[in-house]
Amino acid sequence: MKFISPHVFQAYMTCPREAWLEYHSVTSDQDHEYLALGRLIHERSYERDRKEIFVDQLLKIDLFRGELVAEVKKSSRHIEAAKLQLAYYLYYLKHEKGLTFEGILLFPKERKTEKVKLTEELEHRIEEILRRMAPMLLKDEPPPARRIKYCRTCSFFEFCWSDEGE
Ligand code: SF4
C-alpha cells in the first residue's frame, strides 16, 4: 500500500469517500473557491516566519520560526481533524525519519495558534485510524456519497452531486 498522505488522512476524518478519491488521485476542482481561499491565506500569512520544505516529495511542511512543524488553516472550525492531521505529520517524521518535532497550528484569520504534541495516546489514535482506513482505500470503488454538511464546501461536490443539484 502506498504512503497515506496527511491530506488523505485528514479527508478520512470528514468523509471516507473524499479520502478514497484523494488516494486514487481523482482530480478535484482545483479552482474551487474554498481551495483558492485556503491557498491565498496560506501564501500570505506569516510570510517572514515560515519556510516550506518537502520530505520525500510527499509531505509539504511549514517550519515556523525555525523549529516547529506548522499547519496554516483558514479557520479553527475543524480543529480536532486539523490536530490529528498535524499529529500524523509528526508521526511520519518520527517513524519514517527518526525526527522528533512538536507541531503548531496557525489560524491567521482568528489570530490564534494551537500547539500539538505527539503523545502516546495520539499515536494510538493514529494507528487505530490507519487500521480502519486501509481496507477501505484498497477497494476498487469508493464508498457511496453521503450528504453531509461539509459537502457544500467540498471540492468533489460536482463529482458527487452533479446529477442532483444542491
Ligand atoms: S461532496 Fe460530500 S460525499 Fe462527496 S466527497 Fe465531498 S464530502 Fe464526501
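Everything quoted here is computed from the prediction, not taken from an experiment.

*Asks:* In this structure, what is going on with helix α4 (residues 79–97)? I would like to understand it.
*Replies:* Working note: α-helix, 3.6 residues per turn, so residues spaced by three or four point in the same direction. Here α4 spans 26 Å end to end across 19 residues, near enough to the 27 Å set by a 1.5 Å rise per residue. Phi for Gly98, located one or two positions after α4, is positive at around 65°.

*Asks:* Would you take a moment to explain the site of the ligand for this structure?
*Replies:* The local shell around the ligand consists of Cys15, Arg17, Glu18, Ala145, Arg146, Ile148, Tyr150, Cys151, Cys154, Phe156, Phe157 and Cys160. Contributing elements (two or more residues each) for the shell around the ligand: α2 (16–23) and α6 (157–161). Broken down by class, the residue content of the shell around the ligand amounts to nine nonpolar, no polar and three charged.

*Asks:* So what exactly am I meant to see when it comes to the nonpolar core here?
*Replies:* Grouped burial of nonpolar side chains is what soluble globular proteins tend to show. Core analysis: the largest hydrophobic core is formed by 32 residues, its most contacted members being Ala19, Val69, Leu86, Ala87 and Leu90. If one sorts the elements of this core by residue count, α4 sits on top with nine residues. The residues touching Ala87, leaving out its near neighbours within four places in the chain, are Val116, Leu118, Leu122 and Ile126.

*Asks:* Before we go on, may I ask you to explain unusual backbone geometry in this structure?
*Replies:* For residues besides glycine, phi is generally negative; the peptide bonds are generally trans as well. Here Arg111, not a glycine, exhibits a phi torsion of approximately 50°, which is positive. With respect to the helices and strands, Arg111 occurs in the loop between β4 (103–107) and β5 (112–116).

*Asks:* Whenever I open this one, the pairing of strand β3 (residues 68–72) confuses me. Can you help?
*Replies:* On a regular strand, one side chain projects to one face of the sheet and the next to the other, so that they alternate. Where burial is concerned, most of β3 is hidden: four out of the five residues are buried. Across four bridges, β3 lies against β4 in parallel orientation. Across the sheet, residue Glu71 finds its bridge partner in β4, namely Leu105. Taking the sense of rotation as the criterion, the β-α-β connection linking β3, α4 and β4 turns out right-handed.

*Asks:* Please explain the packing of helix α1 (residues 6–14) against α2 as it appears in this structure.
*Replies:* Two packed helices can be described by the angle between their axes and the distance between those axes. α2 packs onto α1 with a crossing angle of 155° between their chain directions and a minimal axis gap of 6 Å. Classed by the angle they form, the pair α1 and α2 counts as roughly antiparallel. Side by side, α1 and α2 meet where His7, Val8, Ala11, Tyr12 and Thr14 of the first sit next to Pro16, Glu18, Ala19, Glu22 and Tyr23 of the second. Grouping the constituent residues of the contact of α1 with α2 by class yields six nonpolar, two polar and two charged.

Thresholds, definitions, all that
- Residues numbered from 1 in each chain as written.
- Predicted model: local features only at pLDDT ≥ 70, side-chain atom pairs only at ≥ 80, totals over all residues.
- Helix = DSSP H or I, 4+ residues; strand = E, 2+ residues; numbered from the N terminus.
- Expected span 1.5 Å × (residues − 1).
- Near = placed C-beta within 6 Å.
- Nonpolar A, V, L, I, M, F, W, Y, C, P; charged D, E, K, R; others polar.
- Core = buried A, V, L, I, M, F, W, Y, C linked by C-beta atoms within 7 Å.
- Buried ≥ 20, exposed ≤ 12 C-beta atoms within 10 Å, placed from the backbone.
- Contact = placed C-beta atoms within 7 Å.
- Pairing = 2+ DSSP bridges.
- Right-handed = clockwise from strand over helix to strand, strands pointing away.
- Axes fitted to C-alpha atoms, helices over the stretch in contact; angles between N-to-C directions.
- Parallel < 35°, antiparallel > 145°, perpendicular 65-115°, else oblique.

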